[in-house]
Amino acid sequence: MATLIDSNKVKYLCSCNRLKPLSYLYYCKYCKPLTLKCKDCVIHEIDQKFFCTNCLDNKVQKEVMAVKYKCSSCFNCPNCNNLLLTRASSVKIPKDTAATNQSAQTTQQPQKVYYLICVFCRWTTREVGIPDVTSVPDGWKLLENPFNKRIHELTDAYKVIAAREKLERDRKKFPALKRRSLYISGSSATSSILHSDKYGILAPAQKRLAATASIGNQNLDPQITIEQQFKSLIKPAETIDSFEELPEEFFTKGSNINSITSIAQRHANPDFQPSKTNELYPLNKFYQSKESKRCSGCEHNVLKPESNIISIKFKLHQMAV
């Protein structure tokens with residue numbers, strides 16, 4: 001009875017010669033003979049509709065990329081990684097009313113404010129000095145990374161280098177006559193990239209070739225290597241020669257372990273990696289998406305969930321268990 005629900009007790013051989021429990025295997029009814037397939041033997045397909053598991057807000061991929069796949073209204077606890085709940089409290093704020101040019105009378109007016117609290121570890125935003133907000137939607141803003149400017153510079157530089165490498169590969173791949181008809185022949189932006197397309201079928205290819213050619217032809221000097229071009233696009237990183245000395249309190253006073261964050265807490269927020277517990281900030285929940293699986297042999301679906309984000313059922317469920 002102790003091993004009744006132990007799924008790892010008996011393992012089966014899948015098509016890639018790996019031993020897996022039966023609950024981790026799929027089967028395809030179209031493949032003959034019938035073979036078992038694990039997650040490494042199937043093709044994974046990600047749905048383009050992303051949603052938040054808490055507020056069920058759904059967006060397309062371009063919209064979630066603009067917000068870095070983070071929901072702006074749902075947060076996780078930075079201490080225990082559980083869901084943070086919104087609590088309301090009433091505070092009195094001073095209100096100045098002046099009927100005439102004489103002295104103003106100060107009155108107290110109650111106002112409702114909101115803060116976040118974790119019901120598991122009792123962590124609140126008030127513990128770390130985060131001010132309360134008066135409106136729940138978009139009340140707590142995303143923190144800006146102080147190195148955003150440097151990251152964008154590196155990203156733009158690598159895009160130019162990648163476009164140049166792609167252009168050089170395409171020039172080696174295509175013959176001279178064919179290449180002359182593919183790429184832009186003039187410097188004007190209105191020059192044609194491909195032959196006139198009556199029905200617009202080649203529009204995506206035209207956009208890709210225009211972007212590649214416009215970026216790659218800017219600094220396509222054969223005498224300049226890719227390393228030299230990369231150094232000319234961005235400013236080199238500054239080398240740190242000296243570090244600040246540790247304070248005397250570090251050696252004389254004992255350290256409080258409870259005030260130091262763990263490795264998991266620092267990795268949960270890689271943009272800032274707080275070292276003290278008073279520097280913790282609520283973590284935005286990430287948007288998630290549903291996943292379908294196809295057979296790698298015949299490309300038929302073996303697992304396909306329903307498109308409704310609320311539903312947890314499957315349209316097709318070919319599990320081996």
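Source: prediction; values computed, not measured. (Residues numbered from 1 in each chain as written. Predicted model: local features only at pLDDT ≥ 70, side-chain atom pairs only at ≥ 80, totals over all residues. Heavy atoms only, no water.)

Some remarks on the pattern of salt bridges
Worth spelling out the cut-off: Note on definitions: salt bridges are taken to be side-chain nitrogens of Lys or Arg within 4 Å of carboxyl oxygens of Asp or Glu. The way it works is that DSSP assigns letters per residue, a run of H or I at least four long becomes a helix, a run of E at least two long becomes a strand, and they are numbered from the N terminus. Per-residue accessibility, obtained with a 1.4 Å probe over protein chains only, is compared with the maximum for each type, and a residue is labelled buried under 20%, exposed over 50%, and partly exposed between these values.
Counted under the stated rule, the structure contains six salt bridges. Note that Glu45 is salt-bridged to Arg294, the shortest N-O span being 2.5 Å. Of the two residues, Glu45 is situated in strand β5 (residues 42-51) and Arg294 in strand β11 (residues 288-295); the sequence distance between them amounts to 249 residues. With a relative accessible area of 33%, Glu45 lands in the partly exposed category. You can call Arg294 partly exposed: its relative accessible area is 25%. Where Arg126 meets Asp132, a salt bridge forms, and the shortest distance between an N and an O atom there is 3.0 Å.

Focus on the environment of Val133
Rules: In this description, contact between two residues means that some pair of their heavy atoms is separated by no more than 4.5 Å.
Here Val133 lies in the loop between β9 (105-117) and α2 (148-173). Here the alpha-carbon distance between Val133 and Tyr114, two residues 19 residues apart in the chain, equals 5.4 Å. Residue contacts for Val133: discarding those within four places in its chain leaves Val113, Tyr114, Gly139 and Trp140.

Side note on the confidence of the model for the protein chain
Stated precisely, the cut-off is as follows: For every residue, the predictor assigns a confidence score, pLDDT, that lies between 0 and 100.
When pLDDT is averaged along the protein chain, the result is 78, and 77% of the positions lie at 70 or above. At the level of individual helices and strands, the protein chain shows its lowest average pLDDT in helix α3 (residues 176-182), which scores 47, and its highest in helix α7 (residues 263-268), which scores 92. Note on residues 97-105: pLDDT under 50 across the span, and five contacts to partners over four residues away in sequence or across chains.

Examining the layout of surface pockets
Picture a little ball the size of a water molecule; that probe, rolled over the atoms, points out where space is still empty. Convention followed: Computed over the protein atoms alone on a 1 Å grid, cavities are sets of points where a 1.4 Å probe fits but cannot get out and pockets are open sets with protein on both sides within 12 Å along at least five of seven lines; a residue lines them when it has an atom within 4 Å of a point. Grid points are joined across faces, edges and corners, and a volume is the space filled by probe spheres set on the points. Side-chain classes follow a simple rule in which Ala, Val, Leu, Ile, Met, Phe, Trp, Tyr, Cys and Pro form the nonpolar group, Asp, Glu, Lys and Arg form the charged group, and the remainder, Gly included, forms the polar group.
A volume near 450 Å³ is recorded for the largest pocket. Counting residues per element, the ones that place at least two in the lining of the largest pocket are β7 (70-76) and β10 (283-286). When residues in the lining of the largest pocket are grouped by element, the largest group, four residues, is from β10. Among the residues forming the lining of the largest pocket, the class breakdown is eleven nonpolar, five polar and six charged. Empty space within the second largest pocket amounts to approximately 180 Å³. Lining the second largest pocket, in full, are Lys68, Asn145, Asn148, Ile151, His152, Thr155 and Asp271. Here the residues of the lining of the second largest pocket are counted per class, giving one nonpolar, four polar and two charged.

Observations concerning unusual backbone geometry
Only a minority of non-glycine residues have a phi that is not negative, and only a minority of peptide bonds are not trans. In this model, Lys32 is joined to Pro33 through a cis peptide bond whose omega is 0°. In this structure, Tyr69 is a non-glycine residue whose phi angle is positive, near 60°. Its place among the elements puts Tyr69 in the loop between α1 (61-66) and β7. Look at Glu299: it is not a glycine, yet its phi comes out positive at around 60°.

Considerations on the sheet that holds β11
To be explicit about the condition: Paired strands are those between which DSSP finds at least two bridges. Axis definition: a line fit to C-alpha positions, over the contact stretch in the case of helices; interaxial angles, taken between N-to-C directions, run 0 to 180 degrees.
One open sheet accounts for five strands, arranged β6-β5-β11-β12-β13; its pairing is antiparallel. A single partner strand is all that each edge strand has here, and the edge strands are β6 (58-60) and β13 (314-317). The sheet shows a mean angle of 35° between the axes of neighbouring strands, taken without regard to direction. When strand β12 (residues 301-305) meets β13, the two strands line up antiparallel, connected through three bridges. Among the inter-strand pairings, Leu303 is bridged to a residue of β13, identified as His317.

So, the packing of aromatic side chains
How we decide: Only rings of Phe, Tyr and Trp enter the pairing, Trp through its six-membered ring, and a pair is recorded when the two centres are within 6.5 Å. The plane angle decides the type: under 30 degrees is stacked, over 60 is edge-to-face, the rest tilted. Working rule: Lys NZ or Arg CZ, within 6 Å of ring centre, within 35 degrees of ring normal, means a charge sits over the ring.
Under the counting rule described, the total for this entry stands at one aromatic pair. Aromatic side chains Phe50 and Tyr69 sit 5.6 Å apart centroid to centroid with 75° between the ring planes, which places their arrangement in the edge-to-face category. Placement of Phe50 in strand β5 and of Tyr69 in the loop between α1 and β7 is noted, with a sequence separation of 19 residues between them. A relative accessible area of 10% places Phe50 in the buried class. Directly above the ring of Tyr115 sits Arg126, whose terminal nitrogen or CZ lies 3.9 Å from the centroid.

Quick look at the side chain of Gln318
By the secondary structure assignment, Gln318 is in the segment after β13. We classify Gln318 as buried; its relative accessible area is 3%. Gln318 has contacts with Tyr26, Tyr27, Cys28, Lys29, Asn301 and Val302, leaving out every residue within four places of it along the chain.

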